[in-house]
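For reference, the chains in residue letters:
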Amino acid sequence: VQTCALPIWGEVLVISNRRRGGLILCNPYCCQFMGPGSVVGGDLDSACHKLIPIGKFSLSTPRDQAELYRAYLIRRQWILNTRHLTEILNPTERAQQLLNQLENYFSPEVIRRVSTEDLASIVGVFPSTMLKVLNK
């Protein structure tokens, strides 16, 4: 997986929900997955140092306030989904549940292109745990 440049500082964009694509936002201490329909950029992601596009990814400028509002709600939902995963006590189960969730949108081949370190950082497990789950 190639990382992409960060054209999002100061600009608020929306991940297209017409395509099966998303972004992994890499921050200094963790990564976040944002799926289709999410808002990214602006002050929300000022600490982001790397973006990893997944799938058929595209960004657009929100057409109006209503679209921007929906995009913030969708981003909140993606964050809550991840939070629910991180509440699973067993790290192997946490890693498996993340992969299950991602496989709803992406093929296993697309997911395998993302580094185990970045995937593991989304749900707070060791890369070795994520690798073990990936190789099942």
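Check the entry above for the structure.
Residues numbered from 1 in each chain as written. Predicted model: local features only at pLDDT ≥ 70, side-chain atom pairs only at ≥ 80, totals over all residues. Heavy atoms only, no water.

Engineer: Account for the state of the cysteines, naming residues and giving values.
Structural biologist: The tally for this structure, following the rule as stated, stands at zero disulfides. No disulfide involves C48; its sulfur sits 6.5 Å from the nearest other cysteine sulfur, which is in C26. Take C48: its relative accessible area is 2%, and that puts it in the buried class. (Disulfide = S-S within 2.5 Å. Buried < 20%, exposed > 50% of the residue type's maximum accessible area, 1.4 Å probe, protein only.)

Engineer: Outline the sheet that holds strand β5 (residues 50-55), listing residues and values.
Structural biologist: Reading across from one edge, β3-β2-β5 is the order of the three strands in this open sheet, with antiparallel pairing throughout. Every other strand in the sheet has two partners, leaving β3 (31-34) and β5 as the edge strands with one partner each. Averaged over all pairs of adjacent strands, the angle between their axes in this sheet comes to 20 degrees, without regard to strand direction. Here four bridges tie strand β2 (residues 21-26) to β3, and the two strands are oriented antiparallel to one another. Following the sheet pairing, C26 is matched in β3 by C31. Relative to the sheet, helix α4 (residues 116-123) contacts β2, β3 and β5, its axis offset from that of β3 by approximately 85 degrees. (Pairing = 2+ DSSP bridges. Helix = DSSP H or I, 4+ residues; strand = E, 2+ residues; numbered from the N terminus. Axes fitted to C-alpha atoms, helices over the stretch in contact; angles between N-to-C directions. Contact = heavy atoms within 4.5 Å.)

Engineer: So what's going on with the packing of aromatic side chains? Residues and values would help.
Structural biologist: Applying the stated criterion to the full structure yields four aromatic pairs. Residues Y105 and F106 carry aromatic rings whose centres are separated by 6.2 Å and whose planes lie at 45 degrees to one another, so their mutual orientation is tilted. Accessibility expressed as a relative area gives 31% for Y105, which makes it partly exposed. Taking the relative accessible area as the measure of exposure, F106 reaches 5% and is therefore buried. Members of the aromatic cluster, joined through ring pairs, are F33, W78, Y105 and F106. (Phe/Tyr/Trp six-rings, centres within 6.5 Å; stacked < 30°, edge-to-face > 60°.)

Engineer: Outline the nonpolar core, supporting the account with residue identities and numerical values.
Structural biologist: I24, F33, L119, I122 and M130 are the most contacted members of the largest nonpolar core, which totals 32 residues. Leaving out residues up to four positions away in the same chain, I122 has contacts with I24, C31, Q32, F33, T82, T86 and L98. (Core = buried A, V, L, I, M, F, W, Y, C linked by side-chain atoms within 4.5 Å.)

Engineer: Give a detailed account of the environment of P91, specifying residues and quantitative values.
Structural biologist: The residue P91 is located in helix α2 (residues 91-103) in this model. Residues P91 and I122 lie 31 residues apart in sequence; the distance between their C-alpha atoms is 12 Å. P91 has contacts with V125 and T129, leaving out every residue within four places of it along the chain.

Engineer: Kindly report on the pattern of salt bridges, identifying the contributing residues and their values.
Structural biologist: Side chains that differ in charge, positive against negative, can pair when their charged atoms come close. If you walk through the whole model with that rule in mind, you get four salt bridges. Of the charged contacts, one joins R83 and E87 as a salt bridge, the two residues approaching to 3.2 Å between their closest N and O atoms. On the basis of relative accessible area, E87 is assigned to the partly exposed category, the value being 45%. (Salt bridge = Lys/Arg side-chain N within 4 Å of Asp/Glu carboxyl O.)

Interpretation note: all reported values are geometric properties and have no functional meaning in isolation.
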